[in-house]
Amino acid sequence: MTARLDRAQPYVIGLFRIVVGLLFACHGAASLFGVLGGASGGDGGTIPTGTWPGWYAAVIQLVAGGLVLLGLGTRAAAFIASGSMAYAYFDVHQPMALWPLQNSGEAAAMFCWSFFLLVFTGSGAFGLDRLIARRSARTETGTESAERKPAVAA
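Residues numbered from 1 in each chain as written. Predicted model: local features only at pLDDT ≥ 70, side-chain atom pairs only at ≥ 80, totals over all residues. Heavy atoms only, no water.

Draft legend 1. Region of the structure containing helix α3 (residues 74-93). The terminal C-alpha atoms of α3, which comprises 20 residues, lie 26 Å apart, in line with the 28 Å expected from a rise of 1.5 Å per residue. Looking only at α3, the buried set comprises T74, A77, A78, A81, S82, S84, M85, A88, Y89 and H93. Angular distribution of buried residues about the axis of α3 spans 165°; they occupy a single face of the element. Every exposed residue of α3 that faces more than 90 degrees away from the buried side is listed here: A76, F79 and F90. Lining the buried residues of α3 we find α1 (2-33), α2 (54-70), α4 (100-103), α5 (106-121) and α6 (128-141). (Helix = DSSP H or I, 4+ residues; strand = E, 2+ residues; numbered from the N terminus. Expected span 1.5 Å × (residues − 1). Buried < 20%, exposed > 50% of the residue type's maximum accessible area, 1.4 Å probe, protein only. Arc of directions from axis to C-beta. Contact = heavy atoms within 4.5 Å.)

Quick look at the structure:
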């Protein structure tokens, strides 16, 4: 059973990355463009451009979430996203109460730790990171150029 689960690990990490990235990007899109209920969660409002820290957090959510979703620069994007959610938790939520359940910081805490996990696991399967690494590895070893050359009959 363990061997089967180990073989599935890159695919499950890839699916986890896609879901977390999509949800995070949706938060940014809602805040910046007023879609999906908007910044306030129902009135379709947006965060005024340049306001600290909300607008900058929304930009990080949209960009980092999109990069994580695609699996492009996953570790760096996840590191920035994790840090932004740690800031959100400790600056916005934690002063209201100690526990996330009391201060409405569950989402910030979960996003923070989810992205922190992706910093260490990488993009898993289905990510552009893997595709680019595979292509560059083929180019470095010369297999790509060998594949393109027609066979010469002797």
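Moving on, there is more to tell.
Draft legend 2. Highlighting the packing of α1 against α5. Relative orientation of the contacting elements α1 and α5 amounts to 135°, with a least axis distance of 11 Å. When the axis of α1 is compared with that of α5, the two are oblique. Taken as a pair, α1 and α5 cross one another with a handedness that is left-handed. Of α5, the residues touching α1 (which contributes I13, F16, R17, V20, L23, F24 and H27) are F111, S114, F115, L117, L118 and T121. (Axes fitted to C-alpha atoms, helices over the stretch in contact; angles between N-to-C directions. Parallel < 35°, antiparallel > 145°, perpendicular 65-115°, else oblique. Left-handed = near helix turned anticlockwise from the far one by under 90°.)

Draft legend 3. Geometry of a nonpolar patch on the surface. Taken together, the side chains of L70, L72, L128, L131 and I132 define a hydrophobic patch exposed on the protein surface, amounting to about 390 Å² of accessible area. At three residues, the largest contribution of residues to the nonpolar patch is made by α6. Within the secondary structure, L131 sits in helix α6. Residue classification places L131 among the partly exposed residues on the basis of a relative accessible area of 36%. (Patch = residues over 30% accessible without salt bridge, like charges linked within 9 Å, V, L, I, M, F, W, Y side chains within 5 Å. Areas by Shrake-Rupley, 256 points an atom, 1.4 Å probe, with all protein chains shown as cover. Salt bridge = Lys/Arg side-chain N within 4 Å of Asp/Glu carboxyl O.)

Draft legend 4. Structural detail: the nonpolar core. By size, the foremost hydrophobic cluster in this structure holds 17 residues, and its most contacted members are F24, V68, A78, M85, F111, F115 and L118. Counting residues per element, the ones that place at least two in this core are α1, α2, α3 and α5. (Core = buried A, V, L, I, M, F, W, Y, C linked by side-chain atoms within 4.5 Å.)

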